[in-house]
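Each chain, letter by letter, is given below.
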Amino acid sequence: MKKFNCFSRALTISLVLMVISWPLEILAGKSTPVVKTKSGPVVGFFRSTNEGEVAQFLGIPYAKPPVGPLRLQRTKPVDKWTDVLEATEDADYCWQPRLNIHAKRRSMSEDCLYLNIMTPSKVFDQGKSDLLPVMFFISASGNYDLFQGHPYENSSYPLVIRENVIFVNMRYRVGFFGFPYTMNPDDGIISNLGMFDQNMAMHWVKDNIKAFGGDPDSITIMGDGVGAEMVGGHVYSPDARGLFRNAIMQNMQRFPFFDDESDFIRTDEVTNIVIDRVGCKKAKDKIACLQNVKPEAIVSAYPDRSFGFYSQTSGEYIPVDLFSSPPNAVNVLIGYIENLGAARSITLSPEVLTNDPLTLDDARDVISRIYEGDTVDKILDLYIGSYTDEISIKKIQTGLLRLLTDLFFACPAYSFAKKFIESHPEGKTYTFQFNHMPNSHTYPVCDLQPETRGCYQDTSIFSTGLPFVAGEDIFDWINVFTPQDRMVSEKTMDQWANFAKNGKPVSDQSQWPSWNTPKSDKINPIAAILSANEIKLDQSRANFCFKNKELLTSNLVPKLYLADRYPLEKQRKMDQKSSYDGYLYAVYSYMALQHY
């Protein structure tokens, strides 16, 4: 565990505040009361924000550092401490490639298993209020080899203050450190280590959140993108039973919609590439060998492609027969951003987002990167039209984005909801389609083509209240977003918090019905379309997915590399010629050059 020094931490915080003129000041001489956790005493600080006052606790260890002999091992409980822990500084990020400005401004470490807690300040008033619901956020990009951590994680005070909830976020192992996998059991590789980390953090919160004013029986776990996939894994993991009451999945990708083993093969390959490149391929004890490699050397050995390290239904934490296993008794809120296929096209088919004219031949070329055989023309006809039709450039672009959204986001969400309600009819299940496009995105690449709508994390921007945040980090978010953005954020925070409190996002069931009624196990696949105006209902998208599942999931080529722009032979050549960062830079440069 890290050694904490009150003076050095206070000095560091003061310097940071002076450098970036952060108006969210720690109130002079006003720290929170000492909170007695089962691990040891903790003290945080009160922070004044443009929304009001919150209490924050940053960098609380929930597990032993996974270093040395604990690297690539299951998570171990944190050692207890006796001195008061100064929880006033966020922990290092877990080792990962430095792919964006947020990563470049953060330090990396294997000693990274820490969590943060934010509460309304009134929790620590003398006349304490009732215990508050807890929203436990699992950040995106965790089990891929992309950057974990986003700007709203510790800026969620609008949600905390306006909705009177407690917000928790945490670090967990990512990439090779958190999600390695090989098909050879003799290698000794344990899969889903990052999810074991998350489980340990959930146990810690369950055991200790009451001391922070939180209700241990009212915990909602939530995630976006890859984080949503892992929330889905927790929903079905016996190891997570009883740890949470509700689950929010924003922009879940792929896995419940595809009945194949491509992820096993893919992660086995990238894991073995890393093992080979760091010199441990021929070692008798691969784990011992890997435990002696510098972490930066492991990250540098990543193959030059995105989306390599997946969570696995390997029986280690996630059941092998995922949907044949009974889920945990929870309520589910699951949905996606309309046209989120635009984000997927950045690596799969960036020309879809350019200003260049698109033809049916261009569309067929994009589709042929995903499908083979006669499925190509069937998909072309389903989403765009045949060669005998007169089709506008806009319709071609819209059709391709709709295909990518359905394939990777919409249909997986509806498929998960259907499978969940079939095995747990007494739980409440709600689906949504988020239709509002923000004035700006937290990922600059998504602003290159703003009219395409849909970018990773857009839902989290609104559900955590980022449009109301003033002067945080390197942006003054409240001036980046529009009044309409703030209106949508206010509505979304209210709906998400209502779900955390009551298991349903709105009080009027007719306005947003669940997929089952209390007295029936009949599936009623209706999604709420969330926009700047009133909530609308739609049943067609889910039924479209169910009706066309066989077509959408057949003749995929190659299944193993759906997320990449290049087939296997080109990937291997790139692995030899360029760095990981170079590959991502080439893709992003392509987008920028086409735009400017």
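Residues numbered from 1 in each chain as written. Predicted model: local features only at pLDDT ≥ 70, side-chain atom pairs only at ≥ 80, totals over all residues. Heavy atoms only, no water.

> It is not clear to me how the state of the cysteines should be interpreted in this structure. Could you clarify?
Put plainly, two cysteines are in a disulfide when a covalent bond ties their sulfur atoms together. As enumerated under the stated definition, the model contains three disulfides in all. With its sulfur 2.1 Å from that of its partner, Cys94 forms a disulfide with Cys112. Residues Cys94 and Cys112 share a disulfide whose torsion about the S-S bond is about 100 degrees; that sign makes it right-handed. With Cys94 in the loop between β6 (85–86) and α2 (101–104) and Cys112 in the loop between α2 and β7 (114–120), this pair connects stretches of sequence that are 18 residues apart. Residue classification places Cys94 among the buried residues on the basis of a relative accessible area of 2%. Under the relative-accessibility criterion, Cys112 is labelled buried at 1%. The disulfide partner of Cys411 is Cys545, and the gap between their sulfur atoms is 2.1 Å. On the sign convention where negative means left-handed, the S-S torsion of about -80 degrees between Cys411 and Cys545 marks this disulfide as left-handed. Highlighted residues: Cys411 in helix α13 (residues 393–423) and Cys545 in helix α17 (residues 540–547), separated in sequence by 134 residues. Using a relative accessible area of 0% as the deciding quantity, one classes Cys411 as buried. (Disulfide = S-S within 2.5 Å. Helix = DSSP H or I, 4+ residues; strand = E, 2+ residues; numbered from the N terminus. Buried < 20%, exposed > 50% of the residue type's maximum accessible area, 1.4 Å probe, protein only.)

> Please clarify how the confidence of the model for the protein should be interpreted in this entry.
Low-confidence regions, as indicated by low pLDDT, have predicted coordinates that should not be scrutinised in detail. Chain-level pLDDT for the protein is 81 on average; 78% of the residues reach the 70-or-more range. The spread of mean pLDDT over the elements of the protein runs between helix α1 (residues 6–20), the lowest at 30, and helix α8 (residues 286–290), the highest at 98. Note on residues 574–596: pLDDT is under 50 here. Beyond four places in sequence and across chains, it has 51 contacts. (pLDDT = per-residue confidence, 0-100. Contact = heavy atoms within 4.5 Å.)

> Which parts of the structure should I look at to understand unusual backbone geometry?
Residues other than glycine predominantly adopt negative phi, and peptide bonds predominantly adopt the trans conformation. The phi dihedral of Asn164 is positive, around 60 degrees, even though this residue is not glycine. Mapped onto the secondary structure, Asn164 falls in the loop between α3 (157–163) and β9 (166–170). Exposure remark for Asn164: the relative accessible area of 24% places this residue in the partly exposed category. Phi at Tyr317 is positive, roughly 80 degrees, even though this residue is not glycine. Within the element layout of this structure, Tyr317 appears in the loop between α9 (295–300) and β12 (331–337). Tyr317 sits in the buried class, given a relative accessible area of 3%.

> Explain the packing of helix α11 (residues 360–368) against helix α12 (residues 375–383) here, please?
Helix-helix packing is characterised by the crossing angle of the two axes and by the distance between the axes. One way to put it is that α11 packs onto α12 with a least axis distance of 9 Å and a crossing angle of 125 degrees. Comparing their axes, α12 and α11 come out oblique. Crossing handedness for the pair α11 and α12: right-handed. In this structure, α11 contributes Leu360, Ala363, Arg364, Ile367 and Ser368 to the contact, and α12 contributes Val376, Asp377, Ile379 and Leu380. Of the residues belonging to the contact of α11 with α12, the class tally is six nonpolar, one polar and two charged. (Axes fitted to C-alpha atoms, helices over the stretch in contact; angles between N-to-C directions. Parallel < 35°, antiparallel > 145°, perpendicular 65-115°, else oblique. Left-handed = near helix turned anticlockwise from the far one by under 90°. Nonpolar A, V, L, I, M, F, W, Y, C, P; charged D, E, K, R; others polar.)

> How should the sheet that holds β6 be read in this particular structure?
Within a sheet, adjacent strands bond to each other through the backbone by hydrogen bonds, running parallel or antiparallel. On the basis of which strands lie adjacent, the open sheet formed by three strands has the order β2-β3-β6 and mixed pairing. Pairing within the sheet leaves two strands with one partner each, and these edge strands are β2 (35–36) and β6. Alignment of strand β3 (residues 41–43) against β6, held across two bridges, turns out to be parallel. Paired with Val42 across the bridge in β6 is Leu85. (Pairing = 2+ DSSP bridges.)

> Sorry if this is basic, but what is going on with α17 here?
For an α-helix, the turn length of 3.6 residues means that residues three or four places apart are oriented alike. Of the positions making up α17, those classed as buried are Arg541, Ala542, Phe544 and Cys545. Looking down the long axis of α17, one finds its buried residues gathered within 160 degrees of arc, a one-sided arrangement. (Arc of directions from axis to C-beta.)

> Would you mind showing me how to read the packing of helix α5 (residues 193–208) against helix α6 (residues 226–236) here?
Two numbers describe how α5 lies on α6: the axes approach to 11 Å, and their chain directions differ by 70 degrees. Looking at the two axes, α5 sits roughly perpendicular to α6. Taken as a pair, α5 and α6 cross one another with a handedness that is right-handed. Contacts between α5 and α6 pair Met195, Gln198, Asn199 and Met202 from the former with Met230, Gly233 and His234 from the latter. The residue makeup of the contact of α5 with α6, split by class, is three nonpolar, four polar and no charged.

> Quick question: what am I supposed to make of the pattern of salt bridges here?
Where charged atoms of side chains with opposite charge meet at close range, the side chains can pair. Counted by the stated rule, this structure contains 15 salt bridges. The salt bridge involving Asp79 is made with Lys64; its shortest N-O contact spans 3.7 Å. Note that Asp79 is positioned in the loop between β5 (52–61) and β6 and Lys64 in the loop between β5 and β6, a separation of 15 residues in sequence. Overall, the relative accessible area of 31% leaves Lys64 in the partly exposed class. The salt bridge involving Arg173 is made with Asp197; its shortest N-O contact spans 2.8 Å. On the criterion of sequence distance, the pair formed by Arg173 in the loop between β9 and α4 (175–178) and Asp197 in helix α5 is long-range, its members being 24 residues apart. A relative accessible area of 4% places Arg173 in the buried class. Since its relative accessible area comes to 0%, Asp197 is described here as buried. (Salt bridge = Lys/Arg side-chain N within 4 Å of Asp/Glu carboxyl O.)

> Hey, could you run me through the packing of aromatic side chains in this one?
Given two aromatic rings, their pairing is described by the distance between the two centres and the angle made by the two planes. Going through the model one piece at a time under the given rule, you end up with 20 aromatic pairs. Their ring planes at 85 degrees and their centres at 6.2 Å tell us that Phe176 and Phe309 sit as a pair that is edge-to-face. With Phe176 in helix α4 and Phe309 in the loop between α9 and β12, the pair connects residues that are 133 residues apart, well separated along the chain. The class of Phe176 is buried, set by a relative accessible area of 0%. With centroids separated by 6.4 Å and ring planes inclined at 90 degrees, the aromatic side chains of Trp515 and Phe546 adopt a geometry described as edge-to-face. A residue pair is termed long-range when its members are at least 10 positions apart, and Trp515 in the loop between α16 (483–502) and β14 (527–530) and Phe546 in helix α17 qualify at 31 residues. Overall, the relative accessible area of 0% leaves Trp515 in the buried class. Under the relative-accessibility criterion, Phe546 is labelled partly exposed at 28%. Members of the aromatic cluster, each reached through a chain of ring pairs, are Phe46, Phe57, Phe124, Trp204 and Phe212. (Phe/Tyr/Trp six-rings, centres within 6.5 Å; stacked < 30°, edge-to-face > 60°.)

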